[in-house]
Amino acid sequence: MIENLELRAVPGTDPAIRTLAAAQQAELAAVYGDDQPQVGLHPDIAFILLLLEGSPVGCVGLQPVGPGLGEIKRMYVDPSARGWGLSRHLLTAVEAEAQRNGITRLRLETGTQQLEAIALYTHHGYVPTPPYPPFENESASLCFAKDL
């Protein structure tokens, strides 16, 4: 077990969320280029901030899509904190938050080059699904979903 780990619900306006989300987008742009779809976030998105020894090192967003449907957005762990299983903590936390909010199905999009993310999601029961907008014509996108 990792000591000094904290998961905290925060708004999307939280400075740590903005910093982590910007780092995630920069990392993706370095892999896939700047022409990837820029998907805006729903104003009701809920974020979970992961702190390790008081420092923000990860985040995940839960975006409402429709009745019973939510989407995982901006899941990210800073490179300095990778390899310790922190993404599993974030995934478990966002699934629990979804269930508390009456969401019965979660979906997500990740890239074909995010091998660790693909392994994480499939290991936790997410199955490939047809791409949904705006990813239906993106060859570098993979979509997954899980019934909770």
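Here's what I pulled together on the structure shown here. (Residues numbered from 1 in each chain as written. Predicted model: local features only at pLDDT ≥ 70, side-chain atom pairs only at ≥ 80, totals over all residues. Heavy atoms only, no water.)

Pairs of aromatic rings are described using the distance from one ring centre to the other and the angle between the two planes. On inspection of all chains with the given rule, the structure shows two aromatic pairs. For the ring pair Tyr132 and Phe135, a centre distance of 5.6 Å and an interplane angle of 85 degrees mean the geometry is edge-to-face. Residues Tyr132 and Phe135 agree in their burial class; the two are buried. Just above the ring of Tyr132 sits the side chain of Arg107; from NZ or CZ to the centre is 3.7 Å. (Phe/Tyr/Trp six-rings, centres within 6.5 Å; stacked < 30°, edge-to-face > 60°. Buried < 20%, exposed > 50% of the residue type's maximum accessible area, 1.4 Å probe, protein only. Lys NZ or Arg CZ within 6 Å of the ring centre and 35° of its normal.)

For Glu109, the location among the structural elements is in strand E5 (residues 105–111). Taking the C-alpha atoms as reference points, Glu109 and Cys143, 34 residues apart in sequence, are found 4.4 Å from one another. The residues touching Glu109, leaving out its near neighbours within four places in the chain, are Tyr132, Phe135, Ser141, Leu142 and Cys143. Reaching out from Glu109, the side chain makes a polar contact with the side chain of Ser141 at a distance of 2.7 Å. (Helix = DSSP H or I, 4+ residues; strand = E, 2+ residues; numbered from the N terminus. Contact = heavy atoms within 4.5 Å. Polar contact = N/O pair within 3.5 Å; in protein donor to acceptor, adjacent residues only side chain to side chain.)

Sheet strands line up and pair through hydrogen bonds in the backbone, either parallel or antiparallel. Taken in spatial order, the seven strands line up as E1-E2-E3-E4-E5-E7-E6 in an open sheet, and their pairing is mixed. The outermost strands of the open sheet, each flanked by one partner alone, are strand E1 (5–10) and strand E6 (127–129). Pairs of neighbouring strands in the sheet enclose a mean axial angle of 30 degrees, with direction left out of account. Bridging between E1 and strand E2 (residues 46–52) involves six bridges; their strand directions are antiparallel. Bridge pairing links Arg8 to Leu49 in E2. On top of the sheet, helix H1 (residues 15–32) reaches E1, E2, strand E3 (55–66), strand E4 (69–77) and E5; it is set at about 85 degrees to E4, its chief contact. (Pairing = 2+ DSSP bridges. Axes fitted to C-alpha atoms, helices over the stretch in contact; angles between N-to-C directions.)

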